[in-house]
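# Report on the structure
Listed below are the residues making up each chain.
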Amino acid sequence: MKKTLSLISLVVATGAMAQMEIRPHLGVNLQDLTETPAFSEWKSKAGVQLGADLMFGSQLYFAVGAQYVHSAVVITTTYEVPNENDVTVEGTVTTGSLRVPLRVGYRFTDPEDEPVLNFRLFGGLAPSFPIITEFDQDGLQDIRFGSTQLALTAGLGLDISVFFLEAGYDLGLTSFFDDDRIDVDPKANMLQINAGLRLKLAR
């Protein structure tokens, strides 16, 4: 966490002389876990996020952000019972996390030209720090989650006058759970779609 905060401070200081924008936004997400326990499957549920990015630079830009991300996945487990109907048990994994994406991107048109539409690409790292973690499946209480989730992130965006839309995908690099009772080691991937405002700051 300290290293992340130090990097954010360096990024902000470096961009002090560049064109800067604050981008408040909200959006929806779908989270997916990469490995599934035996006789089970994960199903994504729609989640939400709310946050803001600080972006600075010209066609080549840097961005640091902070989001509160609420996400959930459902696990369905089917047990075969001899001479009986199969028994299906469902549980929901819910997380509320502070996500701090650090990204570099490229805008197809120089923003100094003030285009009405401007496409961009971006990529970077997206560490997340769980604040709320719940697993409500019967027989699996007090499950331990990883204290920090690290992901690679990439996506594309469209700036439309003072508004923007963007879609990004996180590829999880660290274990989602930290509990011996979970017999797999899944990583958390996430699709995000956001919409927000571009608030330009004077240089």
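Described below are features of the structure shown in this document. Please read these numbers as outputs of a predicted model, since none were measured by experiment.

This part covers the overall build of the chain. The secondary structure content of the chain amounts to one helix and eleven strands. Ordered by position from the N terminus, the helices and strands of the chain form the series α-β-β-β-β-β-β-β-β-β-β-β. Partitioning the intrachain contacts of the chain with sequence separation of at least 6 by distance along the chain shows that 68% fall at a separation of at least 24. For the chain, the accessible surface area stands at approximately 11000 Å², while carbon and sulfur atoms represent 62% of it.

Looking at the element boundaries, Glu21 is found in strand S1 (residues 20–33). For Glu21, the residues in contact, after removing those within four places along its chain, are Asp53, Leu54, Met55, Arg107, Arg198, Leu199 and Lys200.

One can find Asp170 in strand S9 (residues 163–172). Look at Asp170 and you get buried, because its relative accessible area is 7%. Of note is the side chain of Asp170, whose polar atom sits 2.7 Å from the side chain of Thr153.

Once that is clear, we can look at the environment of Lys187. By the secondary structure assignment, Lys187 is in the loop between S9 and strand S10 (188–197). Sequence spacing of Lys187 and Leu173 is 14 residues, and the spatial spacing of their C-alpha atoms is 6.3 Å. Polar side-chain contacts of Lys187 include one of 3.4 Å to the backbone oxygen of Asp185.

On to unusual backbone geometry, then. For residues other than glycine, phi is negative in most cases, and the peptide bonds are mostly trans. One non-glycine residue, Glu114, lies in positive phi territory at about 50°. In this structure Glu114 comes out as exposed when scored by relative accessible area, which is 61%. Positive phi, normally seen in glycine, also occurs at Ser161, with a value near 55°. For Ser161, a relative accessible area of 39% gives the class partly exposed.

On to a nonpolar patch on the surface. A cluster of nonpolar side chains, Val28, Leu30, Val48, Leu125, Leu150, Leu152, Tyr169, Leu171, Leu173, Leu191 and Ile193, forms an exposed patch at the surface whose accessible area comes to about 880 Å². Taken together, the elements giving at least two residues each to the nonpolar patch come down to S1, S9 and S10. Examined against the element boundaries, Tyr169 turns out to sit in strand S9.

Our focus in this paragraph is the packing of aromatic side chains. For the structure shown, the criterion picks out six aromatic pairs. Relative to Phe177, the ring of Trp42 lies with its centre 6.3 Å away and its plane at 25°, an arrangement referred to as stacked. One end of the pair, Trp42, is in strand S2 (residues 40–57); the other, Phe177, is in the loop between S9 and S10, and 135 residues separate them in sequence. When sorted by exposure, Trp42 lands in the same class as Phe177, which is buried. In this structure an aromatic cluster arises from ring pairing among Trp42, Phe145, Phe176 and Phe177.

This brings us to the pattern of salt bridges. If the charged atoms of two oppositely charged side chains come close together, the side chains can form a pair. Evaluation of the coordinates by the stated rule reveals eleven salt bridges. With its nearest N and O atoms 3.9 Å apart, the salt bridge here joins Arg107 to Glu21. With Arg107 in strand S5 (residues 102–107) and Glu21 in strand S1, this residue pair connects regions lying 86 residues apart in the sequence. Given a relative accessible area of 2%, Arg107 falls into the buried group. Here Glu21 and Arg198 are joined by a salt bridge, their closest N and O atoms 2.9 Å apart. Placement of Glu21 in strand S1 and of Arg198 in the loop between S10 and strand S11 (199–201) is noted, with a sequence separation of 177 residues between them.

Leu33, Trp42, Val93, Phe135, Phe145, Phe176 and Phe177 are the most contacted members of the largest nonpolar core, which totals 13 residues. When sequence neighbours within four positions are dropped, the list of residues in contact with Val93 reads Trp42, Ser71, Ala72, Val73, Glu134, Phe135, Phe145, Phe176 and Phe177. Ranked by size, the runner-up nonpolar core spans five residues in total, among them Met20, Phe56, Val64 and Leu102.

Parameters at a glance
- Residues numbered from 1 in each chain as written.
- Predicted model: local features only at pLDDT ≥ 70, side-chain atom pairs only at ≥ 80, totals over all residues.
- Heavy atoms only, no water.
- Helix = DSSP H or I, 4+ residues; strand = E, 2+ residues; numbered from the N terminus.
- Contact = heavy atoms within 4.5 Å.
- Areas by Shrake-Rupley, 256 points an atom, 1.4 Å probe, with all protein chains shown as cover.
- Buried < 20%, exposed > 50% of the residue type's maximum accessible area, 1.4 Å probe, protein only.
- Polar contact = N/O pair within 3.5 Å; in protein donor to acceptor, adjacent residues only side chain to side chain.
- Patch = residues over 30% accessible without salt bridge, like charges linked within 9 Å, V, L, I, M, F, W, Y side chains within 5 Å.
- Salt bridge = Lys/Arg side-chain N within 4 Å of Asp/Glu carboxyl O.
- Phe/Tyr/Trp six-rings, centres within 6.5 Å; stacked < 30°, edge-to-face > 60°.
- Core = buried A, V, L, I, M, F, W, Y, C linked by side-chain atoms within 4.5 Å.

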